[in-house]
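An overview of the molecular structure
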Amino acid sequence: MTDFDHALRSLRVWDTELPVFDPRTAPADPLPLFHDWFVAAARAGQIEPHTMSLATVDEDGRPDVRTVMLHDADERGWHFASHATSAKGRQLAARPDAALHFYWPAQGRQVRVRGRVTTGTPEEAYADLHARTTGALASALVGRQSEVLGSREELAASSAVAWERASTDPDAHAKTWTLYVLEPAEVEFFQGDEQRRHVRLRYRRETTTWVRELLWP
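For the structure given in this document, a descriptive report is provided here. (Residues numbered from 1 in each chain as written. Predicted model: local features only at pLDDT ≥ 70, side-chain atom pairs only at ≥ 80, totals over all residues. Heavy atoms only, no water.)

Glancing now at the overall build of the protein chain. Within the protein chain, the regular secondary structure consists of 6 helices and 9 strands. C-alpha atoms of the protein chain, sized along the principal axes, occupy 55 × 55 × 40 Å. Out of the 217 residues belonging to the protein chain, those deemed buried represent 37%. When the accessible surface of the protein chain is split by element, carbon and sulfur atoms take 52% of a total near 13100 Å². In the protein chain, 26 positive and 32 negative side-chain charges are present, and the distance between their average locations comes to 5 Å. (Helix = DSSP H or I, 4+ residues; strand = E, 2+ residues; numbered from the N terminus. Buried < 20%, exposed > 50% of the residue type's maximum accessible area, 1.4 Å probe, protein only. Areas by Shrake-Rupley, 256 points an atom, 1.4 Å probe, with all protein chains shown as cover. Lys, Arg positive; Asp, Glu negative; His and termini not counted. Charge placed at Lys NZ, Arg CZ, Asp CG, Glu CD.)

Laid out in structure tokens, this is it:
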């Protein structure tokens, strides 16, 4: 058995006491429940609970996925940001349907969100970028996300220039920086159970109302 095989088979899932989730107590709208679960994950010590997987589809219909940061979750939807010229930005422009996935193993919980993605205003994109750290601004100013990189030295030189600009001109803006909002059509909450009787509660939008339904695990 290789080190990989041994490591893989030695792992255990949810080696902790899991919370109990009674779907009968869930609110009519998924947003308050997401807020509650997010706060609970943060208080339980979950590392980076605001990270999420974003799945899109490219021009050939092939799925693509990466980890991004949640910037907000409100009545409009789930917010994140990136360059419009990045791979994800081009994919969303061509096919604006996407999915998000949160995994919080500290509590054995997952949240899945599916829906259509729209873009915010330029003013919202500017406010989003400048609500973040100097390092985040510097990274955005470097730009060229997903393009082929010739060498690490090229990146280091561009990054140094961007850090200098971000430090001396905190109002600088990356014109391709875009705020995206995923308006949910479906939101699923998954609560793990030690006996594998997992609870899956799906909210499905029908016109202006939400339908709640349990799913087999």
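A separate point is a nonpolar patch on the surface. Where nonpolar side chains cluster on the molecular surface, the patch consists of Phe4, Leu8 and Leu11 and spans about 350 Å² of accessible area. Locating Leu8 in the fold gives a position in helix H1 (residues 3-10). For Leu8, a relative accessible area of 46% translates into the label partly exposed. (Patch = residues over 30% accessible without salt bridge, like charges linked within 9 Å, V, L, I, M, F, W, Y side chains within 5 Å. Salt bridge = Lys/Arg side-chain N within 4 Å of Asp/Glu carboxyl O.)

It is worth spelling out the packing of aromatic side chains at this point. This structure, assessed with the given rule, holds 12 aromatic pairs. These aromatic residues form a ring-pair network of at least three members: Phe21, Trp37, Phe189, Tyr203 and Trp210. Positioned above the aromatic ring of Trp37 is the side chain of Arg109, whose terminal nitrogen or guanidinium carbon lies 4.0 Å from the ring centre. (Phe/Tyr/Trp six-rings, centres within 6.5 Å; stacked < 30°, edge-to-face > 60°. Lys NZ or Arg CZ within 6 Å of the ring centre and 35° of its normal.)

As for its position among the elements, Gln91 is in helix H3 (residues 87-94). A polar contact is formed between the side chain of Gln91 and the side chain of Arg66, at a distance of 3.3 Å. (Polar contact = N/O pair within 3.5 Å; in protein donor to acceptor, adjacent residues only side chain to side chain.)

Structurally, Glu206 can be placed in strand E8 (residues 199-206). For Glu206, a relative accessible area of 38% puts it in the partly exposed group. Here the alpha-carbon distance between Glu206 and Arg196, two residues 10 residues apart in the chain, equals 30 Å.

Counting 30 residues, the largest nonpolar core has Phe34, Trp78 and Val111 as the members making the most contacts within it. Ranked by residues supplied to this core, first place goes to helix H2 (residues 30-43) with 5 residues. Among the nonpolar cores identified, the runner-up in size contains 13 residues, and Leu141, Ala166, Ala172 and Trp177 belong to it. (Core = buried A, V, L, I, M, F, W, Y, C linked by side-chain atoms within 4.5 Å.)

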